Amino acid sequence: MTTSQSNQSHAIRYLNRDEGRIAYEVSGSGPLIVGVPGMGDLRSTFQYLMPVLVGAGFRVAVMDLRGHGDSDATFASYDDEAAAGDIAALIAELGGPAVVIGNSMGAGAAVLAAAAAPDTVSGLVLIGPFVRDPHVAPPVKMLMRIAMTPPFARLVWNAYLPSLYAGTKGEGFGEHRRAIMDSMKRRGRATAFSRTTATSHAPVEAVIGRVQSPTLVVMGKLDPDFPDPSVEADWVADAASADAASGQVVMIDDAGHYPQFQRPDLVNPAIIDFVRAVRAGA
């Protein structure tokens, strides 16, 4: 299910916020699951996961971040905290509690939402999670900021994106990549994306220990965003766990930063088992 196919089969809905609208689609019936993509990605990153969850008896909503996809680019803020507020508002709109599945920056926003309102988030699935700032040398950081200014952001992201899909690219990668680039051509999107890239994850690290929800960390073994993905996955699971039994880790072979798209054959069963266990526990 590509972005265009998704929009045809599931009508786009809009969540009204103070400064604009958040686009989402929802399908199925049952306990709520909310999917949140990462920076520079679209809600169609969950195209292989969403129908499986619906088939398992869940109601699944997937959203676009501010300034991404079909969401508006009229907001003043594009950081983790803003995205967390959008998650909370979407859960309230649809009726929670919800299991929140967040990828990359979306995982950081999910943690913030869970820490702020534990009663509304029954479980967390953190995929390739950015929940703390990586160490980047100042000269490299400066070059990255220049590369991600609006005049260059789309071209740089287009060139860089394949490296984040280390291992198998996943079926439909070329079309998904084109959809991302087409989205970034739309008015205001390059500026919104540039502002999103300046996000600090320090606020997430400051509150991750407050998470009370059962947590599953899913990490690609080849994820290039982390020096050692397994070490980072273990750290996240421990940091977000109220006790040793509440944090789980699944490492995915032949996958980088987007294992839900690259290896749904391995990711989908792990997530299905987790959300069913959360439901049973609830």
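In the block above lies the structure referred to throughout.
What counts and how
Residues numbered from 1 in each chain as written. Predicted model: local features only at pLDDT ≥ 70, side-chain atom pairs only at ≥ 80, totals over all residues. Heavy atoms only, no water. Helix = DSSP H or I, 4+ residues; strand = E, 2+ residues; numbered from the N terminus. Buried < 20%, exposed > 50% of the residue type's maximum accessible area, 1.4 Å probe, protein only. Expected span 1.5 Å × (residues − 1). Phe/Tyr/Trp six-rings, centres within 6.5 Å; stacked < 30°, edge-to-face > 60°. Lys NZ or Arg CZ within 6 Å of the ring centre and 35° of its normal. Axes fitted to C-alpha atoms, helices over the stretch in contact; angles between N-to-C directions. Left-handed = near helix turned anticlockwise from the far one by under 90°. Contact = heavy atoms within 4.5 Å. Nonpolar A, V, L, I, M, F, W, Y, C, P; charged D, E, K, R; others polar. Pairing = 2+ DSSP bridges.

Chemist: I'd like a rundown of the side chain of Thr215, residues and numbers included.
Modeler: Here Thr215 lies in strand 7 (residues 215-220). A relative accessible area of 0% means that Thr215 is categorised as buried.

Chemist: Residue-level account of helix 7 (residues 173-184), with values.
Modeler: Here helix 7 contains 12 residues, and its C-alpha end-to-end distance of 17 Å stays within 8% of the 16 Å for a straight helix at 1.5 Å per residue. Within helix 7, burial applies to Phe173, His176, Ala179, Ile180, Met181, Ser183 and Met184.

Chemist: I'd like a rundown of the packing of aromatic side chains, residues and numbers included.
Modeler: Scanning the model with the defined rule gives eight aromatic pairs in all. Consider the rings of Tyr48 and Phe261, whose centres lie 5.2 Å apart with planes at 55°: the pair is tilted. Of the two residues, Tyr48 sits in the loop between strand 3 (32-36) and helix 2 (50-55) while Phe261 sits in helix 11 (residues 259-262), which places them 213 residues apart along the sequence. A ring pair is formed by Trp157 and Phe193, whose centres lie 5.3 Å apart and whose planes are at 55°; its orientation type is tilted. Remark: Phe193 occurs in helix 8 (residues 189-196) and Trp157 occurs in helix 6 (residues 150-164); sequence separation between them is 36 residues. Of the two residues, Trp157 and Phe193, neither departs from the other in class, the shared state being buried. Aromatic rings pair up to connect Tyr48, Tyr165, Phe173, Tyr258 and Phe261 into one cluster. Just above the ring of Tyr14 sits the side chain of Arg21; from NZ or CZ to the centre is 3.8 Å.

Chemist: How would you explain the packing of helix 3 (residues 80-94) against helix 4 (residues 105-116) if you had to name every residue and give the values?
Modeler: Interaxial distance between helix 3 and helix 4 falls to 8 Å at its minimum, and their mutual angle equals 65°. Seen along the crossing, helix 3 lies across helix 4 with a hand that is right-handed. Within the contact between the two elements, helix 3 uses Asp80, Glu81, Ala83, Ala84 and Ile87 and helix 4 uses Met105, Ala109, Ala110, Leu112 and Ala113. The residue inventory of the contact of helix 3 with helix 4, partitioned by class, reads eight nonpolar, no polar and two charged.

Chemist: Quick one: what's the story with the pairing of strand 7, residue by residue and with numbers?
Modeler: Summarising burial for strand 7: six of the six residues are buried, a large majority. With four bridges connecting them, strand 6 (residues 121-127) and strand 7 associate as parallel partners. Looking across to strand 7, one finds that Val125 is bridged to Leu216. When strand 7 meets strand 8 (residues 247-252), the two strands line up parallel, connected through six bridges. By the bridge assignment, Met219 is partnered in strand 8 with Met251.

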